[in-house]
Amino acid sequence: MPSQQDGACSHTSQPWSMARLEHPGSPGWTGPTAKGTAGPRQEASATGRDLPCPGPEGHLDAPGSPSPNSSMTTRELQEYWRKEKRCWRRIKLLFEVASARIEERKVSKFVMYQIVVIQTGSFDSNKAVLERRYSDFEMLQKNLLKTFREEIEDIAFPKKHLVGNFTEEMISERKLAFKEYLTLLYAIRCVRRSREFIDFLTRPELREAFGCLRGGQYGRALDILVRVVPLQEKLTAHCPVMVVPALCAMLVCHRDLERPAEAFAAGERALQCLQAREGHRYYAPLLDAMIRLAYELGKDFVSLQEKLQESQLRQPSPWGFTLKELTVREYLY
């Protein structure tokens with residue numbers, strides 16, 4: 001059975017072993033930080049983008065940059081570097097535990113903490129709001145300790161108390177502690193790119209969304225995906241292919257709700273994330289779905305057909321599943 005982890009970027013035999021990934025910078029950072037630092041330059045090469053850093057330390061004769069004999073005008077060069085600076089700009093996330101509420105069920109009582117995640121640097125219209133309880137944080141800590149014990153040994157985790165967990169003082173104390181905890185974890189690159197950290201912030205919502213999709217609740221699934229996908233994109237900007245299942249789920253939902261234009265837009269985002277990875281299990285089914293949508297919308301479907309045909313000629317692999325059949329198999333466990 002396919003898994004949503006198949007498309008994760010990795011340089012090891014374990015596709016989700018993100019702790020060992022060697023990608024440049026932090027999420028959204030896709031290039032070297034300075035001349036002469038071997039690590040970031042090697043990492044940039046691993047992503048297929050080894051462009052120079054804009055500014056006095058960048059090299060015009062570096063791979064992928066304008067050559068000294070370039071015919072570009074001064075204005076064109078300035079525009080080139082402006083675009084490059086936007087590409088290199090680091091995405092940084094801020095975490096705020098904004099509020100908390102006590103939830104009582106038949107056999108349990110616990111505190112739900114509301115986490116707000118905001119991107120810094122510019123106005124973020126897609127801030128993420130999610131809820132987690134103490135046991136969720138505790139599970140994150142246990143999972144991280146299995147792989148990153150040394151990296152997080154100095155990060156304090158709020159202790160568990162047998163009594164007093166529902167007092168206003170304790171809740172306020174934990175709100176501040178969890179905010180600091182998430183901030184410190186995010187500051188460690190291998191941790192913020194790990195499966196454990198990303199799953200903590202996105203998996204519950206994604207599981208709910210894909211569950212709604214399987215149940216035919218496409219509107220409900222879309223409501224959740226619209227909220228969680230922007231956060232997932234920010235967390236996985238070093239490896240965009242990881243967002244492909246969620247974007248394809250959006251395509252399926254829009255298509256089944258008879259919104260072909262919105263479905264096509266979601267598919268275009270997914271294809272951009274795949275970046276012509278013809279061997280990816282979503283590539284052929286996605287192209288097939290996009291061909292049908294393009295034909296329905298009166299768009300250019302011939303070029304999509306050619307891509308699919310060329311892909312099959314270069315790497316024959318009967319995909320078997322339709323796009324919908326693939327997406328409903330995601331996040332089952």
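Our structure's up above, just so we're on the same page.
Residues numbered from 1 in each chain as written. Predicted model: local features only at pLDDT ≥ 70, side-chain atom pairs only at ≥ 80, totals over all residues. Heavy atoms only, no water.

(A) Main features of the packing of aromatic side chains. For the structure on display, the rule yields 12 aromatic pairs. For the pair F137 and F200, a centre-to-centre distance of 5.0 Å together with 55 degrees between the ring planes defines the contact as tilted. Of this pair, F137 sits in helix α3 (residues 134-148) while F200 sits in helix α6 (residues 195-214); the two residues are 63 residues apart in sequence, bridging distant segments of the chain. For F137, a relative accessible area of 0% gives the class buried. Ring pairing ties together the aromatic residues Y113, Y134, F137, F157, F178, Y181 and F200, which thus form one cluster. Residue placement shows R132 over the ring face of F200; its charged tip is 5.7 Å from the ring centre. Sitting over the face of the ring of F110, R133 holds its NZ or CZ atom 3.7 Å from the ring centroid. (Phe/Tyr/Trp six-rings, centres within 6.5 Å; stacked < 30°, edge-to-face > 60°. Helix = DSSP H or I, 4+ residues; strand = E, 2+ residues; numbered from the N terminus. Buried < 20%, exposed > 50% of the residue type's maximum accessible area, 1.4 Å probe, protein only. Lys NZ or Arg CZ within 6 Å of the ring centre and 35° of its normal.)

(B) Region of the structure containing the pairing of strand β2 (residues 109-119). Relative to β2, strand β1 (residues 93-104) runs antiparallel, the two sharing 11 bridges. Looking across to β2, one finds that L94 is bridged to I118. In this structure, the hairpin formed by β1 and β2 is closed by a connection of four residues. Relative to strand β3 (residues 128-133), β2 runs antiparallel, the two being bridged by six bridges. By the bridge assignment, Y113 is partnered in β3 with R132. (Pairing = 2+ DSSP bridges.)

(C) Representation of a negative patch on the surface. On the surface, E150, E151, E153 and D154 cluster together into a negatively charged patch. Here D154 is to be found in the loop between α3 and α4 (168-186). (Patch = residues over 30% accessible without salt bridge, like charges linked within 9 Å, V, L, I, M, F, W, Y side chains within 5 Å. Areas by Shrake-Rupley, 256 points an atom, 1.4 Å probe, with all protein chains shown as cover. Salt bridge = Lys/Arg side-chain N within 4 Å of Asp/Glu carboxyl O. Lys, Arg positive; Asp, Glu negative; His and termini not counted. Charge placed at Lys NZ, Arg CZ, Asp CG, Glu CD.)

(D) Looking closely at the packing of helix α9 (residues 260-274) against helix α10 (residues 283-297). It is the contact of α9 with α10, at a shortest axis distance of 10 Å, that shows an interaxial angle of 145 degrees. Pair α9 / α10 crosses with left-handed handedness. Of the residues in α10, those in contact with P260, A261, A263, F264, G267, E268, A270, L271 and L274 of α9 are Y283, L286, L287, M290, L293, A294, E296 and L297. (Axes fitted to C-alpha atoms, helices over the stretch in contact; angles between N-to-C directions. Left-handed = near helix turned anticlockwise from the far one by under 90°. Contact = heavy atoms within 4.5 Å.)

(E) Fine view of α3. Between its first and last C-alpha, α3 extends 20 Å over 15 residues, near the 21 Å set by a 1.5 Å rise per residue. Listed in full, the buried residues belonging to α3 are Y134, F137, E138, L140, Q141, L144 and F148. All buried residues of α3 fall inside an arc of 155 degrees around its axis, so they share one side. Those residues of α3 that are buried are in contact with β2, β3, α4, α5 (189-192) and α6. (Expected span 1.5 Å × (residues − 1). Arc of directions from axis to C-beta.)

(F) Looking closely at the packing of α3 against α4. Packing of α3 against α4 leaves a shortest axis separation of 12 Å and a crossing angle of 30 degrees. By the angle between their axes, α3 is roughly parallel relative to α4. Crossing of α3 over α4 shows left-handed handedness. Here α3 contributes Y134, F137, L140, Q141 and L144 to the contact with α4, which in turn contributes R174, F178, Y181, L182 and L185. Its residues placed into classes, the contact of α3 with α4 shows eight nonpolar, one polar and one charged. (Parallel < 35°, antiparallel > 145°, perpendicular 65-115°, else oblique. Nonpolar A, V, L, I, M, F, W, Y, C, P; charged D, E, K, R; others polar.)

(G) Layout of the sheet that holds β1. Across the sheet, which stays open at both edges, the three strands sit in the order β1-β2-β3 with antiparallel pairing between neighbours. A strand with exactly one partner marks an edge of an open sheet, and here the two such strands are β1 and β3. Ignoring strand direction, the axes of neighbouring strands in this sheet form an average angle of 25 degrees. Against the sheet, α4 engages β1 and β2, with an angle of about 145 degrees to β1.

(H) Expanded view of the pattern of salt bridges. Per the counting criterion, the structure on display carries 14 salt bridges. R101 is the salt-bridge partner of E131, the closest N and O atoms lying 2.8 Å from each other. With E131 in strand β3 and R101 in strand β1, this pair connects stretches of sequence that are 30 residues apart. We classify E131 as partly exposed; its relative accessible area is 29%. R195 serves as the salt-bridge partner of D199, at 3.4 Å between the closest nitrogen and oxygen. With a gap of four residues between them, D199 and R195 both fall in helix α6, about one helical turn apart.

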